[in-house]
Structure formats: structure tokens, C-alpha cells
Amino acid sequence: MGDYLHHLRRRRRKRPAEPETGDQRVAVIGLGRFGSSLAHELTRRGWDVLGIDTDARLVQKHSDVLTHSAVADCTDPEVLEQLGVHEFTSAVVGIGTDMEASILIAANLLDAGVPNIWAKAVSRQHGQILERLGVHHVVLPEHEMGERVAHLVTGRMLDFIQFDDDYALVKTVAPDIATGVPLGESQVRSRWGVTVVGIKRPGQDFTYATAETVMERGDVIVVTGKTHAVEAFAELS
């Protein structure tokens, strides 16, 4: 184990790549409760999802919903290559119970050059190992549900919180279509059904938004409204 951890320390963590315009493909490895909920949400949002698991029963259960599915063991790097995962810009390791498999798969994805890798961790120690390995985003499912992570994987939202009554709070980048005019004149609420409640300009603190607030390109904003409405609004950014 000591030699293994030494090897992990030697890996350099690379910055995740910006999602390519129009590239909405993601591989979800592990179709348990976390992985399947994430995969279903990404599929619902129009992403091309490849779901992979070693359990044929789970793959069959979700195959009708997902774009593609496969029964495969991704601890073997040749399997990843055969499935074409190295061509994806995003991949999620949803395996948590088998820590060794999780780490091996994450390492294979890094070696394959996948630019945006998300991985589920079942403990802080597991998460620290994944981070040391170089995984770009480590998720603790007790804090990050699959549906929430799905919104973040798309790259349109910086944060997403959904409430029980189909109401959501989202942090995203101000879309060009709503910049340059005061919020009271932009018709954000009437056209998209959302309310801008906060705004952060680069180098400044968050402030409450008012009818006189003018959003500029690059501003980070906090938006609230019905889930489908804030999703649609974030897609404009």
C-alpha cells in the first residue's frame, strides 16, 4: 500500500477541460442507485449517456432509458478503449462499495486522457485517494445526490439545489441574452419564469439583485424558480 500511495502522489492533477460546445456525451460507470439516478437525469436533459456495469441485471434494467449500455469490467483499460470511452469529454465513476475497482477505473480514465472525470467516494479517505490520483471532481453521495451532480456535469450550472415542491436554486453564469439592461427591463421573470436573486461580478462580493441591477458578461448569478424554468434559463449561458 505504501508503494501504491507513493505512485499516486507522483501523478499530476490536470485542470478539467472546458466542455466542448455540442459535445454532450458522458460515460457513467456503475449503475447503482447513485450512478443510475445521475444517468437517468443526464438522459432526460438530452445527453448521450453510455451506462456501464459488470452486473448484467442492472444494465438490462436501465438499457431502455439510456442511449447506450454495456456489461463490462472497466478495471481493464482495454475494455475502456473498446467501448470508446477515451473519446468522451466526461466520465463518472459511480462505483463506491468496491474501493479498489473505483480507484483502478479512475486511473484508467486518467491514463486514457478523459478531460472531465467525476468519481463517487464512500468516505473522506476514499475521496482523498481519488483527489491525489488526479480525479477532477470527487463526490460524496451523502451530500451530492445523483440528480444534482447531473446538473453540474452538464457544465451549465455551478451549483444546483432542488426543493421538494419542484423549486430550485441555481448558480450559473449570466447569459448574454439577459445582459446590458436593468433586470426590471430584461423581462427575465416574464419570459423565462425565473428570478435573479444575487449577482457576483469578478473580483467583487455577492450582492442582492434589484430591478436596477444590470448583468454583465461573466457575472455569476443566483437564480430561483421552478426546476424546469431554471434549467432552461441556465442552458442560455
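Residues numbered from 1 in each chain as written. Predicted model: local features only at pLDDT ≥ 70, side-chain atom pairs only at ≥ 80, totals over all residues. Heavy atoms only, no water.

Would you mind going over the pairing of strand S11 (residues 220-226) with me for this structure?
Consecutive residues of a regular strand have side chains that alternate between opposite faces of the sheet. Most of S11 sits inside the fold, with six of its seven residues counted as buried. For strand S9 (residues 194-200) and S11, the ladder comprises six bridges, and the chain directions are antiparallel. From the neighbouring strand, Ile-199 faces S11, where its bridge partner is Ile-221. (Buried < 20%, exposed > 50% of the residue type's maximum accessible area, 1.4 Å probe, protein only. Helix = DSSP H or I, 4+ residues; strand = E, 2+ residues; numbered from the N terminus. Pairing = 2+ DSSP bridges.)

Honestly, helix H6 (residues 124-133) in this entry has me stumped. Any pointers?
Because the α-helix completes a turn every 3.6 residues, residues three or four places apart line up on one side. Inspection of H6 places His-126, Gly-127, Ile-129, Leu-130 and Leu-133 among the buried residues, and these make up the whole buried set. The buried residues of H6 occupy an angular sector of 160° when projected down its axis, which confines them to one face. Turned more than 90 degrees off the buried face of H6, the exposed positions are Arg-124 and Gln-125. The positive-phi residue at the C-terminal boundary of H6 is Gly-134, with phi of around 120°. (Arc of directions from axis to C-beta.)

Looking at this structure, how should I read a negative patch on the surface?
Among the surface-exposed residues, Asp-73, Asp-76, Glu-78 and Glu-81 lie close enough to one another that they form a single negatively charged patch. Tracing the backbone shows Glu-81 in helix H4 (residues 77-83). The exposure class assigned to Glu-81 is exposed, which follows from its relative accessible area of 55%. (Patch = residues over 30% accessible without salt bridge, like charges linked within 9 Å, V, L, I, M, F, W, Y side chains within 5 Å. Areas by Shrake-Rupley, 256 points an atom, 1.4 Å probe, with all protein chains shown as cover. Salt bridge = Lys/Arg side-chain N within 4 Å of Asp/Glu carboxyl O. Lys, Arg positive; Asp, Glu negative; His and termini not counted. Charge placed at Lys NZ, Arg CZ, Asp CG, Glu CD.)

What is the right way to look at the sheet that holds strand S5 (residues 116-120) in this model?
Each strand in a sheet pairs with its neighbour through backbone hydrogen bonds, running either in the same direction (parallel) or in the opposite one (antiparallel). With parallel pairing, six strands are arranged side by side in an open sheet as S3-S2-S1-S4-S5-S6. Looking along the sheet, the strands with just one partner apiece sit at the ends: strand S3 (68-71) and strand S6 (137-139). Between one strand axis and the next, the sheet turns through 15° on average, direction left out of account. Bridge analysis of strand S1 (residues 25-29) against strand S4 (residues 90-93) gives four bridges, and the strand direction is parallel. Residue pairing for S4: Ala-27 is matched across the bridge by Ala-91. Here helix H2 (residues 33-44) sits on the sheet and contacts S1, strand S2 (48-53), S4, S5 and S6; the angle it forms with S1, its principal contact strand, is near 165°. Across the sheet, helix H5 (residues 99-111) lies against S1, S4 and S5, angled at about 170° from S4, the strand it touches most. (Axes fitted to C-alpha atoms, helices over the stretch in contact; angles between N-to-C directions. Contact = heavy atoms within 4.5 Å.)

Just checking my understanding: could you explain the nonpolar core for this structure?
Side chains of a nonpolar character, in soluble globular proteins, are inclined to be buried together. One finds Ile-29, Ile-52, Val-85, Ile-105, Leu-109 and Leu-130 to be the most contacted residues of the largest nonpolar core, which totals 27 residues. The set of elements that each furnish at least two residues to this core consists of S1, S2, H4, S4, H5, S5 and H6. Here this core gets five residues from one element, more than from any other, and that element is H5. Apart from the residues lying within four places of it in its own chain, the contact partners of Ile-52 are Val-28, Ile-29, Gly-30, Leu-31, Ala-70, Ala-72, Cys-74, Leu-83 and Val-85. In terms of nonpolar packing, the next biggest core, distinct from the first, is built from 17 residues, Ala-209, Met-215, Ala-229 and Phe-233 among them. (Core = buried A, V, L, I, M, F, W, Y, C linked by side-chain atoms within 4.5 Å.)

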